[in-house]
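Remarks on the overall topology
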Amino acid sequence: RFRSRKDFGFGLFKTLPVRWNNFISFYIATTTMPLFELRTNQRLNEEEVRSLVSEISCVCSEILRKPEKYVMVDFQMGQSLIFAGTDDPAAFGKLHSINLPLNETATLSAQLCSFLSERLHVPQERIYLSFVDVERNKWGWNGQTFGSS
């Protein structure tokens, strides 16, 4: 319920009940939630791992146009990964997100492959990527699912 006429102007969000602000915060969270899982048979030192994971988080945030504060990265190195019958450098990445722009996966693949190839020294033709558009009610966070009302 509006409290005064000024609620119809720019002061709208300042004077609305706390429930509305909670809704806005929840809406932002429900349209985000990217998780990027990356496995590689390459090995990096501790400093390189920290740097890479931080960069992946930033890259995912940028290419998905979603706040980085909701991005999670799971990096596993030194995996027993065989590609095309060899254990030459290879990587597998899986990007999960609510509202993943499925019409943009080719662009996402190009950007992620280029980045991963450069940072992991893995040829692009030895990187597989999977894209998963997660349904809101199948992802939990903060004691509820994103599909909860």
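We now turn to the structure provided with this report. Every value quoted in this text rests on a predicted model; they were computed, and no experiment measured them. (Residues numbered from 1 in each chain as written. Predicted model: local features only at pLDDT ≥ 70, side-chain atom pairs only at ≥ 80, totals over all residues. Heavy atoms only, no water.)

According to the stated counting rule, one finds 3 aromatic pairs in the structure shown. Plain terms: the ring middles of Tyr70 and Trp141 are 6.2 Å apart, the flat faces sit at 80° to each other, and that makes the pair edge-to-face. Within this pair, whereas Tyr70 is found in the loop between helix H3 (46-64) and strand E2 (72-76), its partner Trp141 is found in strand E5 (residues 140-141), the two being separated by 71 residues in sequence. According to the relative accessible area criterion, Tyr70 is buried, its value standing at 19%. Aromatic pair Trp141 and Phe146: ring centres 5.8 Å apart, planes at 5°, arrangement stacked. Under the relative-accessibility criterion, Phe146 is labelled buried at 5%. Within the aromatic cluster, the residues linked to one another by ring pairs are Tyr70, Trp141 and Phe146. (Phe/Tyr/Trp six-rings, centres within 6.5 Å; stacked < 30°, edge-to-face > 60°. Helix = DSSP H or I, 4+ residues; strand = E, 2+ residues; numbered from the N terminus. Buried < 20%, exposed > 50% of the residue type's maximum accessible area, 1.4 Å probe, protein only.)

Now for the pairing of E2. Of the two faces of E2, only one is covered, namely that formed by Val73 and Phe75; the face formed by Met72, Asp74 and Gln76 stays uncovered. Handedness of the β-α-β unit built from strand E1 (residues 35-40), H3 and E2 comes out right-handed. (Right-handed = clockwise from strand over helix to strand, strands pointing away.)

Spatially, E2-E1-E3-E4 is the arrangement adopted by the 4 strands of the open sheet, whose pairing is mixed. Every interior strand has two partners, whereas the edge strands, E2 and strand E4 (127-133), have only one. The mean inter-strand angle of the sheet, taken between neighbouring strand axes irrespective of direction, is 10°. Taken together, the 7 bridges between strand E3 (residues 91-97) and E4 define a ladder with parallel strand orientation. For Gly93, the partnering residue across the bridge sits in E4 and is Leu129. On the sheet, H3 packs against E1, E2 and E3 and is oriented at approximately 140° with respect to E2. In the packing of helix H4 (residues 105-120) onto the sheet, the strands contacted are E1, E2, E3 and E4, and the crossing angle to E4 comes to about 140°. (Pairing = 2+ DSSP bridges. Axes fitted to C-alpha atoms, helices over the stretch in contact; angles between N-to-C directions. Contact = heavy atoms within 4.5 Å.)

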